[in-house]
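# Per-entry structural report
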Amino acid sequence: MNWTNKLHRWSGGAFCLICTLLIQIPFVASSAEGKPNVILIMTDDQGYGDLACHGNPVVKTPNIDQLFAESIRFTDFHVSSFCTPTRAALMTGRHPGRTGAYRTSSGRTMLHTDERTIANVFAANGYRTGMIGKWHLGDNAPHRPQDRGFHEVVWHRCGGVGQASDYWGNDYFDDTYERNGKFEKFDGYCTDVWFKESIRFVEENQEKPFFLYIAPNAPHGPYLVDKKWSDPYREQIKWGGGPEFYGMVENIDHNVGLLRSKLEELGLAENSIFIFMTDNGTANGAKFEGLTSEAKQGYNAGMRGKKSSIYEGGHRVPFFIHWPKGNLVGGRDVESISAHIDVLPTLAELCGIPVPGSHQPDGISFAAQLKDSGAPAHRDHHVMQYQGGPHFRGAPAKWEYSCVLKDQWRLIDGKELYDIKKDPSQRKDVAAAHPAVVEELRSLYPPFWDAVSPRMTPVHIDLGNEAENPTVLCSQDWYMPTGNPPWNFGSIKRLPRVTGPWKVEVKKAGRYRLTLRQFPLEADRPVVAVRARVQIAGLEMESAVDPGSKGVVFEMELPKGPTELLTWLYDKKGQSGGAYFTEVEAL
C-alpha cells in the first residue's frame, strides 16, 4: 500500500482519517488472510488401522484418504492409550500425569486449575476459539471447555454420549447437548450434529482467524449408527458391533468431506491448517483376545494391542496435517517419533504465536520437520504411561504400564524390549540380547516419573462458582482409591451399594442447598431410600426420606475452602449407596 508516501501532502482531519484507515485495514488483512485458521479433528477410539489409506481392506474412507494423499503424514505418532489422558496432553502440551487428568473417571479427569490450554494460548493472541463434541476433561466449573479458553462450545458431558453425567435420555439421535452453558435439543445423529455445528462456527467466524477443535464421540461405544452406514459391512465384519463401528467411521469420513468442501466454498481451505488424528488405538476395528493381542479377525495394521494397551496398537495413531499456504502438502511421510504433547508448541510456532514461559510444555515443536524433509528429528525419545493401568486396580506406580520409545525400540514396563522395525507385531522380547539398549532406555524413564508423579493429586470441583450455580455433581467424579465409581446408567440403575467423596472447593462461605438424588432431575424418578445422610467440611446432617420424594434437600452453612462431600442413601435394611447425583446451590 503506497498511501503512506502521500500522507505528508495532507494535513488536519484528512491526515487523521487516513491514519485511522491505515490502522484498521492492515488489521483486517492480517486477521482474515495472514494468520492461518486451525481445524483440529480428533475422533474417539478409532485406531491407526481403521482407515483405507492405512491398508484396511474393508472400511470406506474416501475423504480422509484424499486428505492423506494431500497431507504431511506422521507414521510414528503416539498418544495415550485412553481417552482423557490424550485430551489432557493435546490441550496442554504436557504429560497427562502432570495435568491431573490422567484417567477417565474416579475424579481424575480434570485439569489442575493452573494448567493452561491450547485454547488459552490462541485466544490470547486474537483467535476465536471453538470446541465441539467430546470434552472429557471435567463437567463442572472451572473445568468445562468454556472455562478453559474456548469462546464457543457445543459439547456432551462425561466420556460418552449416554453415560451418567450426560443429559438424561441421550442415545446418539436427536439428543440434548450443552451450548455455552445451556442445554439445547438438536436434531439428527451425533456426528452429523458436531460437523453441522463446526460448519456454522466456520461460517460465522470466517472474517477472523479461528481455532476449531472438533472431537466427535464416534466411533466410541455404544456402537449406534443408522443402518445405511452399518449394513454394507455385515457380510464381511462378523464380530460384535463391528459393522456399526465401521459404519460410524464411514459416517465420520462423510462429514470430513462436507467440512472440507465448505472450506473450499468459503475460500478458507488455502490458509487453514487442517489436522486429522485419533485419541487412542482402536476399540472395535478388529477382534482381539484381551487388550494386548494381535487382531484375531479384521485389520490392525499389523500391530499388537488395542485401546488401553501400552503395546503399539494402543497408542500409535494417524496424524495428518494439511496447509496449502504453508506448503504442508504433497503426501510426504515423517517417520520420526512424535506425540500428542508436541501439537500445541507446533501449532503455536506455525501460527507465529508465543507460548508463555510459565506454560512449560513437555512437548517439542516439529514445525521444522514439516517445513524441511531433511530436518533432524525434533525429539530424542518419548515416554508414555497408563497411570493405574486399564482397570485401576492400584494407584499409579513407577514403571507399571509404561512404554519408553526411542528410534525403533520399545521398552515395556522397564523389562520387555521390542525392535519395531524387525518385529512390528512385538512378538519377540529381545531384552536379553540387547542389555545396553535396555539400560539406556531405562535411564530415560526416571526423569519422566519424577516430573509427573508429584502432580497426580486431587483436582477440585467448585461449589458456589458464579459461572455455574447450582452445580450438579455425578458419581463418576467420586475420588475412589482404586477402581471406577458408577459412571454409566447400566450400573446406576442397579443402585450399587457404594459411595465415595467428591473433592470440592467451596468458593465463598455461606448457606448452601444440597439435593440428593439417585437419578438426575430430568429423569423424574423417586429416591429409593428411607434415610439420607450428608457430610461436608466437618459438618454432618441426616434426614428421613419422604415416600415418593424425588430429591432429599439439606441446607447447610459452609465455610470457604477445599473439602470433601460424601452422601449416603439408606434402604429399609440399613444398606446404603451414595446419591449418584447431587445438586449444590449457593443461596
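Whatever comes next refers back to the structure up there.
These remarks concern the structure in this document.

### Focus: helix 6 (residues 190-204)
The α-helix advances 3.6 residues per turn, and as a result positions three or four apart in sequence lie on the same side. Taking 1.5 Å of rise per residue, 15 residues should cover 21 Å, and helix 6 covers 21 Å from first to last C-alpha, within 8% of that figure. On its buried face, helix 6 sits against strand 1 (37-43), strand 4 (128-134), strand 5 (152-156), strand 6 (176-179), strand 8 (210-215) and helix 8 (242-265).

### Here's the deal with the sheet that holds strand 15 (residues 338-339)
Two modes of strand pairing occur in sheets, parallel and antiparallel, and in both the strands are linked by backbone hydrogen bonds. In space, the three strands of this open sheet follow the order 12-3-15, with mixed pairing throughout. The two strands at the open ends of the sheet, each matched to only one other strand, are strand 12 (316-317) and strand 15.

### Some points on the sheet that holds strand 19 (residues 416-419)
Strand order in this open sheet of four strands is 16-17-18-19, and the pairing throughout is antiparallel. In the strand order of this sheet, the two ends are held by strand 16 (382-385) and strand 19, each with one partner. Averaged over all neighbouring strand pairs, the angle between strand axes comes to 15°, with direction disregarded. Bridge count between strand 16 and strand 17 (residues 402-406): four bridges; the pairing is antiparallel. Opposite V383, over in strand 17, you have V404 as the bridge partner.

### Topic: the environment of W135
Tracing the backbone through its elements, the reader meets W135 in the loop between strand 4 and strand 5. It is 7.1 Å that separates the C-alpha atoms of W135 and R157, two residues lying 22 residues apart in sequence. Not counting chain neighbours up to four residues away, the residues in contact with W135 comprise R87, M91, H143, R144, P145, R148, F150, W155 and H156. A distance of 3.5 Å separates the side chain of W135 from the backbone oxygen of G138, its partner in a polar contact.

### Topic: the pairing of strand 23 (residues 510-517)
Remark: a regular strand shows side chains that alternate across the two faces of the sheet. Judged by how many residues are buried, strand 23 sits mostly within the fold: six of eight residues are covered. Pairing between strand 23 and strand 26 (residues 552-558): seven bridges, direction antiparallel. Looking across to strand 26, one finds that Y512 is bridged to M556.

### Quick word on the side chain of R144
Tracing the backbone shows R144 in the loop between strand 4 and strand 5. Within the structure, the side chain of R144 is placed 2.8 Å from the side chain of D147, a separation counted as a polar contact. Sequence-distant contacts of R144, that is, excluding residues within four places in its chain, are made with W135, G138, D139, W155, E178, A467 and E468.

### Re the environment of K507
Checked against the element boundaries, K507 lands in the loop between strand 22 (502-506) and strand 23. In the structure, K507 is positioned 46 residues away from I461 in sequence and 9.8 Å away in space, judged by C-alpha atoms. Not counting the four nearest positions on each side in its chain, K507 is found in contact with D462, L463, G464, N465, Y512 and K560.

### Remarks on the packing of helix 2 (residues 62-70) against helix 8
Any two packed helices are characterised by the angle at which their axes cross and by the distance between the axes. Axis separation between helix 2 and helix 8 bottoms out at 7 Å; the angle between their running directions is 60°. Considered as vectors, helix 2 and helix 8 are oriented oblique to each other. Of the residues in helix 8, those touching helix 2 at P62, N63, I64, Q66, L67 and E70 are D253, H254, V256, G257 and R260.

### What to know about the nonpolar core
The biggest cluster of nonpolar side chains holds 45 residues, and the ones touching the most others in it are F211, Y213, I321 and L347. For this core, the element with the highest residue contribution is helix 10 (residues 343-350), accounting for five residues. In this structure, L347 is in contact with V38, I118, F122, F211, I273 and I275, ignoring residues within four places of it in sequence.

### A look at the pattern of salt bridges
Within the structure shown, the criterion is met by 39 salt bridges. Across the pair R200 and E152 runs a salt bridge whose closest N-O atoms are separated by 3.4 Å. Of the two residues, R200 is situated in helix 6 and E152 in strand 5; the sequence distance between them amounts to 48 residues. A residue is classified by how much of its surface remains accessible, and E152, at 12% relative accessible area, is buried. Between E555 and R511 there is a salt bridge, with the nearest N and O atoms lying 3.0 Å from each other.

Each value, and the rule that gives it
Residues numbered from 1 in each chain as written. Predicted model: local features only at pLDDT ≥ 70, side-chain atom pairs only at ≥ 80, totals over all residues. Heavy atoms only, no water. Helix = DSSP H or I, 4+ residues; strand = E, 2+ residues; numbered from the N terminus. Expected span 1.5 Å × (residues − 1). Contact = heavy atoms within 4.5 Å. Pairing = 2+ DSSP bridges. Axes fitted to C-alpha atoms, helices over the stretch in contact; angles between N-to-C directions. Polar contact = N/O pair within 3.5 Å; in protein donor to acceptor, adjacent residues only side chain to side chain. Buried < 20%, exposed > 50% of the residue type's maximum accessible area, 1.4 Å probe, protein only. Parallel < 35°, antiparallel > 145°, perpendicular 65-115°, else oblique. Core = buried A, V, L, I, M, F, W, Y, C linked by side-chain atoms within 4.5 Å. Salt bridge = Lys/Arg side-chain N within 4 Å of Asp/Glu carboxyl O.

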